[in-house]
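A structural walkthrough
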Amino acid sequence: NFDAMAKKTVLKMLLSKYGILSVDMQLQQAITVDQAIISEDGEAVVTDYIDNPEQPLLAEAEPTIDDLRELLELKRDSLSVVELKDAARILHPDKPETVSFKKLQTLLKSK
């Protein structure tokens, strides 16, 4: 059935380019902006938390390895063994996983 397969191919290509394939990023963004007033400032999305004005903006700077190590020391007692191992892997002195810094920061701030 050539027509059906052609439609399927076009739909699949469009979804892979423009569609949402992962809910992880959406869920993380939804949790971040929960109860926030969202406005656009040029190209950046600005969030304002009326009930807690000290919450960081979405366009927050990337955490540094030193910041994360300090935060880890403060929260060490509240982390599980698995979380500590993950943190040690991410903050490894020889090969730090910089792509996971934000994820670790979110975990540490939630504890």
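Let me sum up the structure you'll find in this document.

Criteria and cut-off values
Residue numbers restart at each chain and count upward from 1, following the sequence in its written direction. It should be noted that, the model being predicted, local features are given only for residues of pLDDT at least 70 and side-chain atom pairs only at 80 or more, the latter also being counted only at that level, while totals for whole chains, interfaces and linings use all residues. To obtain the side-chain values, all non-hydrogen atoms of the structure were included, while hydrogens and water were left out. Salt bridges are defined by distance alone: a side-chain nitrogen of Lys or Arg within 4 Å of a carboxyl oxygen of Asp or Glu. Partly exposed residues are those whose accessible area sits between 20% and 50% of the maximum for their type, while under 20% is buried and over 50% is exposed, using a 1.4 Å probe and protein chains only. Exposure above 30% relative accessible area and the lack of any salt bridge qualify a residue for a patch; like charges then connect within 9 Å, and the nonpolar side chains Val, Leu, Ile, Met, Phe, Trp and Tyr within 5 Å. Per-residue and other accessible areas were derived by the Shrake-Rupley procedure at a 1.4 Å probe size, with only the shown protein chains allowed to occlude residues. Helix and strand assignments come from DSSP, with helices taken as H or I runs of at least 4 residues and strands as E runs of at least 2, each series counted from the N terminus. In these notes, a set of buried Ala, Val, Leu, Ile, Met, Phe, Trp, Tyr and Cys residues joined through side-chain atoms within 4.5 Å is what counts as a nonpolar core. We call two residues in contact when some of their heavy atoms are within 4.5 Å.

1. So, the pattern of salt bridges
Any two side chains of opposite charge can pair, given that their charged atoms come close. By the definition in use, this model includes three salt bridges. In this structure, the salt-bridge partner of Glu97 is Arg89, at a minimum N-O distance of 2.6 Å. Accessibility expressed as a relative area gives 40% for Arg89, which makes it partly exposed.

2. Overview of a nonpolar patch on the surface
Residues Val10, Leu14 and Tyr18 make up a contiguous nonpolar surface patch of roughly 330 Å² in combined accessible area. Relative to the helices and strands, Leu14 is located in helix H1 (residues 2-18). A residue is classified by how much of its surface remains accessible, and Leu14, at 45% relative accessible area, is partly exposed.

3. What about the nonpolar core?
The biggest cluster of nonpolar side chains holds ten residues, and these are Leu68, Leu71, Leu72, Leu79, Ala87, Ile90, Leu91, Phe101, Leu104 and Leu108. When contributions to this core are tallied by element, the ones reaching two or more residues are helix H3 (65-75), helix H4 (81-90) and helix H5 (101-110). Not counting residues up to four positions away in its chain, the partners in contact with Ala87 are Leu72 and Leu104.

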